[in-house]
Amino acid sequence: MTAVHQELHFADAGEAADLAAFLARLIHYDRAAAVRLQAGGGVLAVFGRPPSFEVLAIRTARLEAIVPTDAASATAAGGPAGSRGSGGLDTTVSAGEFADALDRARAERTAEAPGGRGLVVIVPQAVTGPPWAGVLPPRGGWRRVDGLPGADEVRGAVTAAVAEFRARDAALPEERRTRAERDRIGQEIWSRTLGATGLPLRAVHAAQSLGFLRPVRATAASAAATPAGARGGVTTAPGPTADPLVLLAAGGWLRLRTPYGSVAVRTSGFPGLSVTPA
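Now for a look at the structure at hand. Chains are numbered independently. Their residues run from 1 in the order of the written sequence. Residue-level local features of this predicted model are given only where pLDDT is at least 70; pairs of side-chain atoms are given and counted only at 80 or more, and the full residue set underlies all totals for whole chains, interfaces and linings. Each side-chain value is derived from all of the structure's non-hydrogen atoms; neither hydrogens nor water enter the calculation.

1. Remarks on the overall build of the protein
Then step 1. Within the protein, the secondary structure is distributed over six helices and ten strands.
Then step 2. What makes two residues a contact is simply this: any of their non-hydrogen atoms within 4.5 Å. Counting only contacts in the protein whose residues sit at least 6 apart along the sequence, the fraction spanning at least 24 positions is 67%.
Then step 3. To measure how exposed things are, a 1.4 Å probe is used in the Shrake-Rupley method; for residues, cover is taken only from the protein chains shown. Put simply, the protein shows about 13000 Å² of open surface, and 52% of that area lies on carbon and sulfur atoms. Put simply, DSSP H or I for four residues or longer makes a helix, DSSP E for two residues or longer makes a strand, and each gets a number counted from the N terminus.

Structure follows, in structure tokens:
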């Protein structure tokens, strides 16, 4: 039986490179990281969960097409083998294997067609997803939450929290300088909320660590189409003149949307991602 594979035809190689950088950061925190891929409507959404932060991180990129690589699948999709389909995708794969696939595609593109815009990547074989992969944000119903500080103030809050942790860690007497004590200090600091928004500082710290809070560049908006939630729902990214940071709420979730991706945390509902330490 012929294995069924799909090709992702990225609209812009630069967005694929940004996605590869996002995967590298996830792998830095968890070498065995898995990511859930959902695609539809011309956008690929990649969901990951860096374990140190207890948040859901989301990065997206525009697609030109999703193409089955075997003749039987292409015919079933309504066209000849190799035709440019517009079907969907929902699978969980190894973050490392997906990063390798992106790297191979980028290397081949450089060697064969250095002037092209797009990039073709074969989706890796599916893996058994971790529990979090079945608990994604809702597809729609998002509303804007007021009170989010500006980007500089948000970055400043992370810097101040990191400085506080280091100072309190340095002040610990030798007999109390244990992993458990350091974890306790970290949980206390990162569970605080950002102003009156209800967004835990751990979510902002995750956004900073994943590169989502870096200054906006002119083309950032095109790479930042952020998913509205589960099962492939996506929304268009904010334009260059829109607010670079937006806080949204829906169905017991909070989502910090930035021009480079989103970080979501669960605030209520059945057990899953939480704003409080486990």
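Okay, back to it.
2. Comments concerning the environment of Phe98
Then step 1. Along the chain, Phe98 turns up in helix H3 (residues 95-112).
Then step 2. Relative accessible area decides the class of each residue, using a 1.4 Å probe on protein chains only: under 20% of the type maximum gives buried, over 50% gives exposed, and in between gives partly exposed. Classification of Phe98 by relative accessible area gives buried; the value is 0%.
Then step 3. With 79 residues separating them along the chain, Phe98 and Leu19 place their C-alpha atoms 10.0 Å apart.
Then step 4. Beyond its immediate sequence surroundings of up to four residues, Phe98 is in contact with Leu8, Leu19, Leu23, Leu37, Leu44, Val46, Val93, Val121 and Pro124.

3. Thoughts on the side chain of Thr91
Then step 1. With respect to the helices and strands, the residue Thr91 is situated in strand E5 (residues 89-94).
Then step 2. Sequence-distant contacts of Thr91, that is, excluding residues within four places in its chain, are made with Val35, Arg36, Leu37, Val123 and Ala126.

4. Regarding the layout of surface pockets
Then step 1. Cavities and pockets were defined on a 1 Å grid built over protein atoms only: a cavity is a set of grid points that admits a 1.4 Å probe from which the probe cannot escape, a pocket is an open set flanked by protein on both sides within 12 Å along at least five of seven lines, and lining residues are those with an atom within 4 Å of any such point. Grid points are joined across faces, edges and corners, and a volume is the space filled by probe spheres set on the points. Taken as a whole, the largest pocket spans an internal volume of roughly 470 Å³.
Then step 2. Where the lining of the largest pocket is concerned, the elements lending two or more residues are helix H4 (151-170), helix H5 (179-190) and helix H6 (201-209).
Then step 3. Of all the elements, H5 adds the most residues to the lining of the largest pocket, at six residues.
Then step 4. We call Asp, Glu, Lys and Arg charged. Ala, Val, Leu, Ile, Met, Phe, Trp, Tyr, Cys and Pro are nonpolar, and the rest, Gly among them, are polar. Looking at side-chain class alone, the lining of the largest pocket contains five nonpolar, four polar and six charged residues.

5. Some words on the environment of Glu188
Then step 1. Looking at the element boundaries, Glu188 is found in helix H5.
Then step 2. Spatially, the C-alpha atoms of Glu188 and Phe165 are 9.7 Å apart, while their sequence positions differ by 23 residues.

6. Let's talk about the packing of aromatic side chains
Then step 1. Any pair of Phe, Tyr and Trp rings, taking the six-membered ring for Trp, is counted once the centres come within 6.5 Å. Such a pair is stacked with planes under 30 degrees apart, edge-to-face with planes over 60 apart, and tilted for the rest. A complete count under the given rule lists two aromatic pairs for this structure.
Then step 2. The interplanar angle of 25° and the centroid separation of 5.9 Å between the aromatic rings of Phe22 and Phe212 together place this pair among those described as stacked. With Phe22 in helix H1 (residues 13-29) and Phe212 in the loop between H6 and strand E8 (246-250), the pair connects residues that are 190 residues apart, well separated along the chain.
Then step 3. Overall, Phe22 belongs to the buried group, its relative accessible area being 1%.
Then step 4. Geometrically, the ring pair formed by Tyr29 and Phe53 is edge-to-face, given 5.2 Å between the ring centres and 80° between the ring planes. Within this pair, whereas Tyr29 is found in helix H1, its partner Phe53 is found in the loop between strand E3 (43-48) and strand E4 (56-68), the two being separated by 24 residues in sequence.
Then step 5. For Phe53, a relative accessible area of 5% corresponds to the buried category.
Then step 6. Think of it as a cone above the ring: NZ of Lys or CZ of Arg counts as a charge over the ring if it is within 6 Å of the ring centre and within 35 degrees of the ring normal. Between the NZ or CZ atom of Arg214 and the centre of the ring of Tyr260, over which it lies, the distance is 3.7 Å.

7. Comments concerning H6
Within an α-helix, residues lying three or four positions from one another point in the same direction, as the helix has 3.6 residues per turn.
Then step 1. Buried residues dominate H6, accounting for seven of its nine residues.
Then step 2. Every buried residue of H6 is accounted for by Leu201, Arg202, Ala203, Val204, His205, Ala206 and Ala207.

8. Some thoughts on the packing of H4 against H6
Then step 1. Between H4 and H6, the least distance of the axes is 10 Å, while the angle of their chain directions is 100°. Taken together, the axes of H4 and H6 are roughly perpendicular relative to one another. Counted together, Val154, Arg155, Ala157, Val158, Ala161 and Val162 of H4 and Leu201, Val204, His205 and Gln208 of H6 form the full contact between these two elements.
Then step 2. Across the contact of H4 with H6, the residue classes tally to seven nonpolar, two polar and one charged. Every axis corresponds to a line fitted to the C-alpha atoms, with the helix fit spanning only the stretch in contact, and the corresponding angles, defined between N-to-C directions, vary from 0 to 180 degrees. Comment on the angle field: the value is read as roughly parallel under 35 degrees, roughly antiparallel over 145, roughly perpendicular from 65 to 115, and oblique elsewhere.

9. What to know about the pattern of salt bridges
Then step 1. Definition used for salt bridges: Asp or Glu carboxyl oxygen within 4 Å of a side-chain nitrogen of Lys or Arg. What the rule picks out here adds up to 14 salt bridges.
Then step 2. Asp152 is paired through a salt bridge with Arg155; the nearest N and O atoms lie 2.7 Å apart. Residue Asp152 and its partner Arg155 are both found in helix H4; the two are separated by three residues, about one turn of the helix.
Then step 3. Judged by its relative accessible area of 61%, Asp152 is exposed.
Then step 4. Put simply, Glu164, Arg168, Arg176, Glu181, Arg184, Glu188 and Arg192 are held in one network by salt bridges that share partners.

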